[in-house]
Amino acid sequence: MKECAVYDFDTAVSRAGTFAEKYEARERFFGKPDVEPFWVADMDLPTPAFIPDALRARLEHPMFGYTEQYRDVFDAIGWWMENEHGAAVEHNWISLSPSVVTSISVAVQSLTKPGENVVVLSPVYGPFFSCAQINGRTVSDCPLTVENGRMNMDFDAVETAVQKPETKLLIHCNPHNPGGRVWEPAELEKLARLCAENGVVIFSDEIHCDIVYPPNRHLSMLNVEIARGNCIVAHSIGKTFNCGGLQASFTLIPEAGLRTRFRAGLDRSHCGDINLLGKTALTAALSPEGAEYKRQLNAYLHENIRQVCDKLGGLDSVEIIKPEATFLVWCDFRKRGHWQDVFKRLVHEANVALSGGTFFGPAGEGWFRINCAHPRAQLLAAVERILRVFH
Ligand SMILES: Cc1ncc(COP(=O)(O)O)c(C=O)c1O
């Protein structure tokens, strides 16, 4: 039997010269080109070596022409969903897509008409709003509530929003970014029931579903019985394997009619495929080796999260949401002044670039999100600087 690799997440790896957005866009977004970046949700932890090995092996061949959607890709997705998420997936449910956001946009375009309505539960990943708005759809926002450091859905607000005749789609983040919430079966069932009863499709963005901390367990919408007929589940290797730049994503749609409508949208935009290197990486990642990497990664991130929350939790008048999933910690600085002043102090005094809450919708104003997928020493040094500025 092959010896199991032990992954080193402590050694910092420079991203200089790689055009990483998190670094290159600092001047544009923070006005300070050397601020330490803890914003964009990709990891400063290396992709496991078996992925670059697979890419290198493919690069040995000198031709990079058009590729089929070959069986290994579908087998890898099916294996991962079954073994890591207990979801039995049929190959014909799978559609490839360059990114989850592409799939959200296609869902908006193909399942709703201009002027119709899309429901989101904010604060939530910004493109949930923008994909609807750019396409001329309205958005009903049903803000999550925060109780005892945990986010909850406002089911009354969701019920009102899905009952509107013009509502056709609800985009849900499962697990939740930025709140780090792992939704419980009863919550997902209730949400799915409200959508099913009102003929609203659920787009379940499950891109963060591999980074989940015990005792929490991710439940895919695929395993919520009542959602079977009206859900689209989206996933990708972007977060788990630090492969966002390879653009390798997929959707899973059990119901044939919905799948046909969604695929017609992919075909209209000619975006129902991923590139050759994305396919190579995805096939290598969604494997037993990938599952072992994920286990070690989760253990490392869990400890990072624990230490960051313990330390920031000591700050006066700053509330921290300890995530049950994701490598992101959502922090409420509203009692520490206007968000623009807090932002300036974070950048210019603490030398840290965090994601500002308004990216996640109006409910995010005054909040900041810190990306904890960094070597621990680098992350904790940044947290110490935040503590010194806001003690
Ligand atoms: C909830 C969520 N969905 C989608 C994405 C982006 O995924 P992709 O690059 O596949 O569009 C992110 C990235 O941060 C995210 O947090």
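Definitions and limits used
- Residues numbered from 1 in each chain as written.
- Predicted model: local features only at pLDDT ≥ 70, side-chain atom pairs only at ≥ 80, totals over all residues.
- Heavy atoms only, no water.
- Disulfide = S-S within 2.5 Å.
- Buried < 20%, exposed > 50% of the residue type's maximum accessible area, 1.4 Å probe, protein only.
- Core = buried A, V, L, I, M, F, W, Y, C linked by side-chain atoms within 4.5 Å.
- Helix = DSSP H or I, 4+ residues; strand = E, 2+ residues; numbered from the N terminus.
- Domains from an automatic or database assignment.
- Near = heavy atom within 4 Å.
- Polar contact = N/O pair within 3.5 Å; in protein donor to acceptor, adjacent residues only side chain to side chain.
- Areas by Shrake-Rupley, 256 points an atom, 1.4 Å probe, with all protein chains shown as cover.
- Nonpolar A, V, L, I, M, F, W, Y, C, P; charged D, E, K, R; others polar.
- Pairing = 2+ DSSP bridges.
- Axes fitted to C-alpha atoms, helices over the stretch in contact; angles between N-to-C directions.
- Contact = heavy atoms within 4.5 Å.
- Arc of directions from axis to C-beta.
- Left-handed = near helix turned anticlockwise from the far one by under 90°.
- Buried area = accessible area lost by both parts, 1.4 Å probe.

**Observations regarding the state of the cysteines**
One pass over the structure, following the stated rule, counts zero disulfides. As a non-bridged cysteine, Cys4 has Cys243 as the owner of its nearest cysteine sulfur, 19 Å distant. With a relative accessible area of 45%, Cys4 lands in the partly exposed category. Considering cysteine sulfurs only, Cys209 is the nearest to Cys173, which forms no disulfide, with 11 Å between them.

**Some remarks on the nonpolar core**
Residues Ile77, Leu170, Met221, Leu282, Ile370 and Ile386 are the most contacted members of the largest nonpolar core, which totals 98 residues. For this core, the element with the most residues is helix 11 (residues 288–312), which contributes nine residues. Two domains each put at least three residues into this core: domain 1 (21–47 + 289–390) and domain 2 (56–287). Judged by nonpolar contacts, the second largest core, of 26 residues, contains Cys131, Leu169, Ala234 and Leu258.

**Details of the site of the ligand**
Around the ligand sit Ala41, Ser99, Val100, Val101, Tyr125, Cys173, Asn177, Asp205, Ile207, His208 and Lys239, and those are all the residues in its vicinity. At 2.8 Å, a backbone N or O of Val100 approaches an oxygen atom of the ligand. Within the backbone of Val101, one N or O atom sits 2.9 Å away from an oxygen atom of the ligand. Here the ligand, which alone exposes 400 Å², has 87% of that area covered by the protein. Grouping the amino acids of the shell around the ligand by side-chain chemistry returns six nonpolar, three polar and two charged.

**Some details on the sheet that holds strand 13 (residues 352–356)**
Within the open sheet, the five strands sit side by side as 1-13-14-12-11. Their pairing is mixed. Sheet topology places strand 1 (36–38) and strand 11 (319–321) at the edges, where each strand pairs with a single neighbour. On average, adjacent strands in this sheet sit at an angle of 35 degrees to one another, irrespective of strand direction. Where strand 13 meets strand 14 (residues 367–371), two bridges bridge the pair, whose relative direction is antiparallel. The partner of Ser355 across the bridge, within strand 14, is Arg369. Along the sheet face, helix 11 touches strand 11, strand 12 (328–332) and strand 14 and points at about 10 degrees away from the line of strand 12. Its contacts with the sheet place helix 12 (residues 339–349) against strand 13 and strand 14, and it is angled at close to 30 degrees to strand 14.

**Notes on helix 12**
Burial in helix 12 covers these residues: Val342, Leu346 and Val347. Along the long axis of helix 12, the arc covered by the buried residues comes to 125 degrees, so they all point the same way. Where helix 12 is buried, its residues meet helix 2 (26–30), strand 13, strand 14 and helix 13 (376–390).

**Points about the packing of helix 4 (residues 71–85) against helix 10 (residues 276–285)**
Direction vectors running N to C along helix 4 and helix 10 enclose 40 degrees, while the axes themselves pass 8 Å from each other. In this structure, helix 4 crosses over helix 10, and the sense of that crossing is left-handed. Of the residues in helix 10, those in contact with Asp72, Val73, Ala76, Ile77 and Trp80 of helix 4 are Lys279, Leu282, Thr283 and Ala285. Here the contact of helix 4 with helix 10 is built from residues that sort into six nonpolar, one polar and two charged.

**Some remarks on the domain arrangement of the protein chain**
Segmentation of the protein chain into domains returns domain 1 (21–47 + 289–390) and domain 2 (56–287). In this structure, domain 1 and domain 2 have C-alpha centres spaced 25 Å apart. With 35 residues of domain 1 in contact, the opposing surface of domain 2 contributes 39 residues. For the pairing of domain 1 and domain 2, the buried interface totals around 2,900 Å² over both sides, and the portion due to carbon and sulfur atoms is 57%.

**A short note on the pairing of strand 14**
Strand 14 sits mainly inside the fold: five of its five residues count as buried. With burial as the criterion, each face of strand 14 is covered, one bearing Trp367, Arg369 and Asn371 and the other bearing Phe368 and Ile370. Pairing of strand 12 with strand 14, which is carried by five bridges, proceeds in the antiparallel orientation. Counted as the bridge partner of Val329 is Ile370 from strand 14.

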